[in-house]
Amino acid sequence: MDDIVAGIVKAFELLFSGDESTWTAVLATVKVSTCSMLLSIGAGLPCGFLLGYYEFRGKQHLRTVLDTMLALPTVFIGLVVFAFISNQGPLGDFKLLFSLTGIAIGQTILAFPIVTAITATTIEAVDPLFKLTLVSLGAGKRNIIATCLWEVRYGILAGAVTAYGRVLTEVGISMMVGGNIKWHTRTVTTAIALETGKGEFANGIALGIILITLAFAVNLSLSLLRRQ
Amino acid sequence: METKKLFFILIAIMFALCSPAGVFASDTLMMATTTSTDNTGLLDYLAPHFEKDTGIKLKWTATGTGKALKLGETCDVDVLLVHAPPAEKKYIEKGFGKARREVMYNDFVIIGPKNDPAAVKGQSIQDALKTIKDKQSAFISRGDDSGTNKKEKLLWKNAGMQLPDKEEWYVQTGQGMLSTINVAQERGGYTMTDRGTYIKYQSQKGGDAPLIVLVDGDAVLLNQYSVLTLSDKNCAKAQHELAIKFSDWMAGENAQNLIKDFRLLGKRLFIPNAK
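Engineer: How should the overall build of chain A be read in this particular structure?
Structural biologist: Helices and strands together make up the secondary structure of chain A, namely 11 helices and zero strands. Each helix (α) and strand (β) of chain A, taken in turn from the N terminus, gives the series α-α-α-α-α-α-α-α-α-α-α. Its C-alpha atoms give chain A principal-axis dimensions of about 65 × 45 × 30 Å. Counting all 228 residues of chain A, 43% fall into the buried class. Long-range contacts, defined here as pairs at least 24 residues apart, represent 78% of the contacts in chain A between residues at least 6 apart.

Engineer: I'm lost on the overall build of chain B in this one. Help?
Structural biologist: The secondary structure content of chain B amounts to 11 helices and 12 strands. When its C-alpha atoms are laid out on the principal axes, chain B stretches across 75 × 55 × 35 Å. Counting only residues that meet the buried cut, chain B has 44% of its 275 residues in that class. When contacts within chain B are restricted to residue pairs at least 6 apart in sequence, long-range pairs at least 24 apart make up 76% of them.

Engineer: Would you explain the environment of Ile132 of chain B in this entry?
Structural biologist: Residue and element names in this part refer to chain B. For Ile132, the location among the structural elements is in helix 6 (residues 125-135). On a C-alpha basis, the gap between Ile132 and Ala119 in space is 8.6 Å, while along the polypeptide they are 13 residues apart. In this structure Ile132 touches Ala118, Val120, Ser137, Phe139 and Tyr190, once residues within four positions along its chain are discounted.

Engineer: It is not clear to me how the domain arrangement of chain B should be interpreted in this structure. Could you clarify?
Structural biologist: Residues and elements named next belong to chain B. For chain B, the assigned domains are domain 1 (29-106 + 224-272) and domain 2 (107-221). Between the C-alpha centres of domain 1 and domain 2 there is a distance of 25 Å. Across the contact, 18 residues belong to domain 1 and 19 residues belong to domain 2. Elements with a minimum of two residues in the side of domain 1 that touches domain 2: helix 2 (35-39) and helix 4 (65-73). Of the residues forming the side of domain 1 that touches domain 2, the biggest block, three residues, is contributed by helix 2.

Engineer: Which parts of the structure should I look at to understand the interface of chain A and chain B?
Structural biologist: Interfaces are often sized by the accessible area lost when the parts come together. Each partner contributes residues to the interface: chain A has 22 residues there, and chain B has 25 residues. Elements supplying a minimum of two residues to the side of chain A that touches chain B: helix 2 (20-53), helix 5 (100-124) and helix 10 (188-197) of chain A.

Engineer: Sorry if this is basic, but what is going on with the nonpolar core here?
Structural biologist: A general trend in soluble globular proteins is that nonpolar side chains are found buried together. Within the largest apolar cluster, 119 residues are counted, with the highest numbers of intra-cluster contacts made by Leu29, Met31, Val79, Leu80, Ile110 and Phe246 of chain B. Ranked by residues supplied to this core, first place goes to helix 5 of chain A with 14 residues. The contact partners of Ile110 of chain B, leaving out residues within four places of it in the chain, are Val120, Ile125, Ala128, Tyr190, Met192, Leu214 and Val215 of chain B.

Engineer: Where do I start with helix 4 of chain B in this structure?
Structural biologist: For an α-helix, 3.6 residues make a turn, and residues three or four places apart therefore share a direction. All names here are of chain B. Taken residue by residue, helix 4 has Thr65, Ala68, Leu69, Leu71, Gly72 and Glu73 as its buried positions. Along its buried surface, helix 4 packs onto strand 1 (28-33), strand 3 (79-82), helix 5 (85-93), strand 4 (97-113), helix 7 (147-158) and strand 9 (222-230). Note on helix 4: the residue one or two positions beyond its end, Cys75, has a positive phi of about 65°.

Engineer: Looking at this model, I keep getting lost on the environment of Trp156 of chain B. Mind explaining?
Structural biologist: Residue and element names in this part refer to chain B. As for its placement among the helices and strands, Trp156 is situated in helix 7. Between the C-alpha atom of Trp156 and that of Gln126, which follows or precedes it by 30 residues, the distance is 7.7 Å. Sequence-distant contacts of Trp156, that is, excluding residues within four places in its chain, are made with Leu129, Met161 and Leu163.

Engineer: I tried to follow the packing of helix 3 (residues 42-54) of chain B against helix 10 (residues 240-251) of chain B on my own but got confused; where do I start?
Structural biologist: For any two helices packed against each other, the geometry comes down to the angle between their axes and how far apart the axes lie. Residue and element names in this part refer to chain B. Contact pair helix 3 / helix 10: the axes reach a minimum separation of 11 Å and the direction vectors enclose 110°. With respect to each other, helix 3 and helix 10 are oriented roughly perpendicular. Once helix 3 is placed against helix 10, the crossing between them reads as right-handed. Contacts from Phe50, Asp53 and Thr54 of helix 3 reach helix 10 at Lys245, Phe246 and Trp249.

Engineer: Help me understand unusual backbone geometry, please; the structure alone is not making it clear to me.
Structural biologist: Despite not being glycine, Phe98 of chain A has its phi angle at roughly 60°, a positive value. Among the residues examined, Phe98 of chain A registers 25 C-beta atoms within 10 Å and is labelled buried. One non-glycine residue, Ala119 of chain B, adopts positive backbone phi at about 55°.

Engineer: Explanation requested: the environment of Glu102 of chain B in the structure shown.
Structural biologist: Residue and element names in this part refer to chain B. Note that Glu102 resides in strand 4. Looking at Glu102, the number of C-beta atoms within 10 Å reads 17, which means it is partly exposed. Separated by 149 residues in the primary sequence, Glu102 and Ala251 have C-alpha atoms spaced 7.9 Å apart. Glu102 has contacts with Gln224, Ser226, Asn273, Ala274 and Lys275, leaving out every residue within four places of it along the chain.

Engineer: Sorry, what's going on with the packing of helix 8 (residues 177-187) of chain B against helix 9 (residues 195-204) of chain B here?
Structural biologist: All names here are of chain B. At a minimum axis separation of 10 Å, helix 8 and helix 9 run at an interaxial angle of 60°. Between helix 8 and helix 9, the angle is such that the two are oblique. Considering the relative orientation of helix 8 and helix 9, their crossing is right-handed. Residues Met177, Leu178 and Ile181 of helix 8 form the contact with helix 9, whose participating residues are Thr197, Lys200 and Tyr201. A class-by-class count of the residues in the contact of helix 8 with helix 9 yields four nonpolar, one polar and one charged.

Criteria and thresholds
All residue numbers refer to position in the chain's written sequence, counted from 1. The naming scheme follows written order: chains are lettered A onward, ligands numbered 1 onward. The model is predicted, so local features are restricted to residues of pLDDT at least 70 and side-chain atom pairs to those at 80 or more, both for listing and for counting; the totals for chains, interfaces and linings are taken over all residues. Where helices and strands are cited, they refer to DSSP runs of H or I of at least four residues and of E of at least two residues respectively, numbered from the N terminus. In this scheme the burial state of a residue depends on its C-beta neighbours within 10 Å: 20 or more other such atoms mean buried, 12 or fewer mean exposed, and anything in between means partly exposed; the C-beta positions come from the backbone. Here the contact rule is simple: place C-beta atoms from the backbone, and any two residues whose C-beta atoms are within 7 Å are in contact. As annotated, the domain borders come from an automatic or database domain assignment. Each nonpolar core consists of buried Ala, Val, Leu, Ile, Met, Phe, Trp, Tyr and Cys residues. Their C-beta atoms, within 7 Å, join them into a set. Only the stretch in contact is used when a helix axis is fitted, and all axes are lines through C-alpha atoms; the angle between N-to-C directions ranges over 0 to 180 degrees. For classification, angles of less than 35 degrees are called roughly parallel, those exceeding 145 degrees roughly antiparallel, those between 65 and 115 degrees roughly perpendicular, and all remaining angles oblique. Left-handed describes a crossing whose near helix is turned anticlockwise from the far helix by less than a right angle; the clockwise case is right-handed. Polar here means any residue outside two lists: the nonpolar Ala, Val, Leu, Ile, Met, Phe, Trp, Tyr, Cys and Pro, and the charged Asp, Glu, Lys and Arg; Gly therefore counts as polar.

Written out as structure tokens, the structure is:
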């Protein structure tokens, strides 16, 4: 119990005293999660659209594979990415191990299925009459697609927020691929794991509170954007 | 169309954040090390001095010695600071490591609850392990093939026993040293730790720790830390020059004095012994 109280006090101390190591970890977390969200939305949105909009053979199987990928464990993604970007792996020459870019690659793999699956589901749920109406109003193909996407923007946003929650809080990929290197690849979650490993539970709780605050800030700005 | 404008601003900010973080200066040395040098705070204390003296930035990832050796084998790091002499020597024989330099030591101790349920206090290490086994007292092991774990396995063997791998009372955490000590504290069990990490744990408990040192002082419990440079044949691209500078610096007078002065609760955590 003492640790929890001490943790809450400590969280404020770390945030407002401008503690350098805390802020570097927060910055690393924001950077890497932003990157992976951009990449996963960039790839997941078109894929999800294609999957939801068109009918084709094997679509159901593809959905099953995609839904399975929603359950990819982060330590496993971390291990596979590690094997690829380690010096002896096929991508070893790019020197991505122990870098934020490496973590972003892993987190993109984590977020991509979420964005894709939720986009596909929301597109599928668009009323067929809506499309018909657009056609009858003389809209071109490009117009129809754009209007459909705009129609389901909140659904896609919900997918992005869900994916962001996973990316922000995962520790397996960051630890294995990033190596928890101070001033470089230490994120808030790996810092929590380290503080716990060091037996500094109050520090760990403080960092946890900081992470939740970060998530709150992101969701708050998104909801403001929505209200506009 | 305010929304669209805001949306584009948001995307622009995201891209700005996502731009590559800048390539690290070439004078950066990447090291793999054990949890004990990191958890005790020794490296946080040494790294700024190393940078001041040599201009080299030290980055490190802390894992068990087993994984640290593996990271050197795959050339993902430039230098190692580890503590498993038999494994290190084999490593050099296999052609992965080039030179091994002893830089400091402390010792392993068996710690347990103050009331010492199996009554091992003052026994030799061999007898203590036998007693723990006979009384089936909880023994918490790292179980992660780290330097400490390798040593512990060797001690069971030396005491003429098989590793109690599947015994109910033998708990393998698979975690770092301080986490493992905390498990031992929760379970009221015994564990083996390096003295440096134990002092760190003691200082966290305000000097009045629930677990105390019960067995120590045997020559076999010596815990030697060494800097290992990598073979330039196996790892052509590693930063060998910087690694040698680090090895020299660690064995030099300045670093050896710094290690000597590194104390918690007025106790020395590591004793410098470079030759």
